[in-house]
Amino acid sequence: MSLTDKAIARIRELIQSGELLPGAKLPPEQQLASDLGLSRNLMREAVKALVVARVLEIRRGDGTYVTSLEPALLLEGLGSAVELLRGDKLLELTEVRRLFEPIATGLAAGRITEEHLTEIKFHLDAMTRASDDVELLNKHDAAFHRAVIASAGNSTLATLLEGISSRTVRARVWRGLVDDRAGDRTVAEHRAIYEALVARDRALAEAAALIHVSTTEQWLREHFEQEGTHGSGDRYP
């Protein structure tokens, strides 16, 4: 472990122990460096790294503060990292989504409000009308799932799923589904999820989501293999 990593660990320990709470202001740089037995240069490097990680924030003219440490903030870089995945790692990503999303949808079935149902229905209807407009399908598909997961009331789970649901992959899948004339079937899978949520049936909601994600995974797997067979698998990001 480098000296900078050790300095980062020392500051993280203060946060994890509760000595520095979310929103708390750090002591002046010289005092904190002295308290932790670190040089000021190491302290600066550690602070810079934790600012990038969204653990700390520097307020010009005021000082350095611990952020809210909310999942949406700490995990916001996940989506950008996902966009860089290629090849077989995309298939691994869909496996992760298959593990998480049905559970989140089941939770939503027990917690969903009429307001959330109205939002989900709006995006479902928009997908139905979009027909072969891949851009619109992709937009409302993402919004549909975002609204479902939000209604589960678990911000950490929502942030993780938002991060792994790559917009690029969604767009490519929708383009392929429209080309294969399978778009209507996929919209029907979304409708089954919605109807299970309306019924507040957790088991049915989990099953509907599992079928939908599994169908998407299978489509991606088959088309990835076809691309690989033709030597153009790198078309997938």
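Use the structure listed above.
First, a word on scope: everything that follows refers to the structure included in this document. (Residues numbered from 1 in each chain as written. Predicted model: local features only at pLDDT ≥ 70, side-chain atom pairs only at ≥ 80, totals over all residues. Heavy atoms only, no water.)

Let's shift gears to the pairing of strand E1 (residues 56-59). Relative to strand E2 (residues 63-66), E1 is paired through 4 bridges, and the arrangement is antiparallel. When the sheet's bridge partners are listed, Leu-56 is paired in E2 with Val-66. Between the end of E1 and the start of E2, which pair antiparallel, lie 3 residues, with Gly-61 showing a positive phi angle near 80 degrees. (Pairing = 2+ DSSP bridges. Helix = DSSP H or I, 4+ residues; strand = E, 2+ residues; numbered from the N terminus.)

Here helix H11 (residues 183-198) contains 16 residues, and its C-alpha end-to-end distance of 23 Å stays within 8% of the 22 Å for a straight helix at 1.5 Å per residue. Buried residues of H11: Gly-183, Thr-186, Val-187, Glu-189, His-190, Ile-193, Tyr-194, Ala-196 and Leu-197, and no others. Positioned one or two residues after H11, Arg-200 has a phi angle of 55 degrees, which is positive. (Expected span 1.5 Å × (residues − 1). Buried < 20%, exposed > 50% of the residue type's maximum accessible area, 1.4 Å probe, protein only.)

Here we come to the packing of helix H8 (residues 134-150) against H11. Packed helices, taken two at a time, are described by the angle between their axes plus the distance between the axes. Where H8 contacts H11, the axes come no closer than 12 Å and their chain directions differ by 25 degrees. It follows that H8 is roughly parallel to H11 by the angle criterion. Between H8 and H11 lies a crossing of left-handed hand. Residues Asp-141, Phe-144, His-145 and Val-148 of H8 lie in contact with H11, whose contacting residues are His-190, Ile-193, Tyr-194 and Leu-197. Partitioning the contact of H8 with H11 into residue classes produces 5 nonpolar, 2 polar and 1 charged. (Axes fitted to C-alpha atoms, helices over the stretch in contact; angles between N-to-C directions. Parallel < 35°, antiparallel > 145°, perpendicular 65-115°, else oblique. Left-handed = near helix turned anticlockwise from the far one by under 90°. Contact = heavy atoms within 4.5 Å. Nonpolar A, V, L, I, M, F, W, Y, C, P; charged D, E, K, R; others polar.)

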